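These are the residues of each chain, in order.
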Amino acid sequence: MSVRVVARIRPLLKQELEKDTIVEAAPSITEPLATPSIVRIPNPKNEAEAFSFQFNSVYDQQATQQQVFDNEIAPTVKHLFKGFDVTIFAYGVTGTGKTHTMRGGKLLAERGVIPRLLSSIYRRSRKIEKDTEANTNIDVSMSYYEIYNDRVFDLFEGPEKRTPAGLPIRDNNGKTVVVGLTERPCTSLKDFETLYDQANVNRSTSATKVRNILAASMPHLTNRLSS
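In this report, the structure presented in the accompanying data block is examined. (Residues numbered from 1 in each chain as written. Predicted model: local features only at pLDDT ≥ 70, side-chain atom pairs only at ≥ 80, totals over all residues. Heavy atoms only, no water.)

A count of helical and extended segments in the protein gives five helices and 12 strands. Counting contacts in the protein only where the partners sit at least 6 residues apart, residues at least 24 apart contribute 56% of the total. Element-wise, carbon and sulfur atoms account for 54% of the exposed surface of the protein, whose accessible area totals about 14,700 Å². (Helix = DSSP H or I, 4+ residues; strand = E, 2+ residues; numbered from the N terminus. Contact = heavy atoms within 4.5 Å. Areas by Shrake-Rupley, 256 points an atom, 1.4 Å probe, with all protein chains shown as cover.)

Rendered as structure tokens:
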């Protein structure tokens, strides 16, 4: 199993521009010409001192959606089609840019990880089906859930249909599964837009706390290949 932890620094907001604390992306001391991999934060009690945190990669305020996807997400598509599980999720408190990175905007250049990943999956699926003369069928389905107060809720179900305990989590031959999670066919980006908007109505509205992993940011993509 390979795990990469990547940090992205969002641009400062207007009310933050006047503050002295600036988060910086910096290269490793041992590899000064390499891609930045360190987040450096000034010590508010000592201007001469800074705290440094190591990541696999760090993207600064000027990084584009395309750069993040090409460097971090695109290489995972080939692994997905080889039968490996691929998980991508965003973590952080409210206002740090999780939704922008994962979902993005409506404009092509502003699209986030999820629609770009789906586009790559659909393109590769069509190529495989064409190359095998339709002897291979590839179906893409979408599940969307959130972990809220340590409970899992299916976002394709309205709050009135939920149980207070949420959905149970089970181990299935070494894999963790959410029992009863809804799967919807997602055959195009238009399908994704529709499903995403429908499910977001059921999201919890309170602020995300740093201890919670926002699983809702990344729909679970299930790829089934059959010959």
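Once you've had a look at it, read on.
The strand order β2-β3-β4 describes an open sheet built from three strands, whose pairing is antiparallel. Bordering the open sheet on either side are β2 (24-26) and β4 (46-54), each of which pairs with just one other strand. The mean inter-strand angle of the sheet, taken between neighbouring strand axes irrespective of direction, is 35°. One ladder, built from three bridges, connects β2 with strand β3 (residues 38-43); its direction is antiparallel. (Pairing = 2+ DSSP bridges. Axes fitted to C-alpha atoms, helices over the stretch in contact; angles between N-to-C directions.)

Okay, the packing of aromatic side chains next. Describing an aromatic ring pair means giving the distance of the ring centres and the angle of the ring planes. Applying the stated criterion across every chain, the model contains two aromatic pairs. When the ring of Y144 is compared with that of Y196, the centres are 5.6 Å apart and the planes differ by 15°; the resulting orientation is stacked. Separated by 52 residues along the polypeptide, Y144 in the loop between β6 (137-143) and β7 (145-148) and Y196 in helix α5 (residues 189-200) bring together distant segments of the chain. Like Y144, the residue Y196 is buried in the burial classification. Each ring, one from F192 and one from Y196, has its centre 5.3 Å from the other, and the planes form 45°; the classification is tilted. (Phe/Tyr/Trp six-rings, centres within 6.5 Å; stacked < 30°, edge-to-face > 60°. Buried < 20%, exposed > 50% of the residue type's maximum accessible area, 1.4 Å probe, protein only.)

The next subject is the layout of surface pockets. Space inside the largest pocket adds up to approximately 2,000 Å³. Taken together, 50 residues form the lining of the largest pocket, with R4, V5, V6, A7 and F89 sitting closest to its centre. Of all the elements in the fold, those that place two or more residues in the lining of the largest pocket are β1 (6-8), β3, α1 (65-73), α2 (76-80) and α3 (98-102). Across the lining of the largest pocket, the residue classes break down as 30 nonpolar, 12 polar and eight charged. (1 Å grid on protein atoms, 1.4 Å probe; cavity = no way out; pocket = protein on both sides within 12 Å on 5 of 7 lines; lining within 4 Å. Points joined across faces, edges and corners; volume = space filled by probe spheres on them. Nonpolar A, V, L, I, M, F, W, Y, C, P; charged D, E, K, R; others polar.)

Another point: the nonpolar core. With 25 residues, the main nonpolar core has L117, M142, Y144 and F192 as its most contacted residues. At the level of secondary structure, the elements contributing two or more residues to this core comprise α1, α2, α4 (113-131), β6 and α5. With six residues, the single largest contributor to this core is α4. (Core = buried A, V, L, I, M, F, W, Y, C linked by side-chain atoms within 4.5 Å.)

Moving on to unusual backbone geometry. In this model, E133 sits at a positive phi of 55°, which is unusual for a non-glycine residue. With respect to the helices, strands and loops of the structure, E133 is situated in the loop between α4 and β6. The class for E133 is exposed, based on a relative accessible area of 66%.

The next thing to look at is the environment of R4. The residue R4 is located in the segment before β1 in this model. Expressed as a C-alpha distance, the spacing of R4 and I88, which sit 84 residues apart in the sequence, is 9.6 Å. Those residues in contact with R4 that sit more than four places away from it in its chain are N56, S57 and E72. Polar side-chain contacts of R4 include one of 3.0 Å to the side chain of E72. (Polar contact = N/O pair within 3.5 Å; in protein donor to acceptor, adjacent residues only side chain to side chain.)

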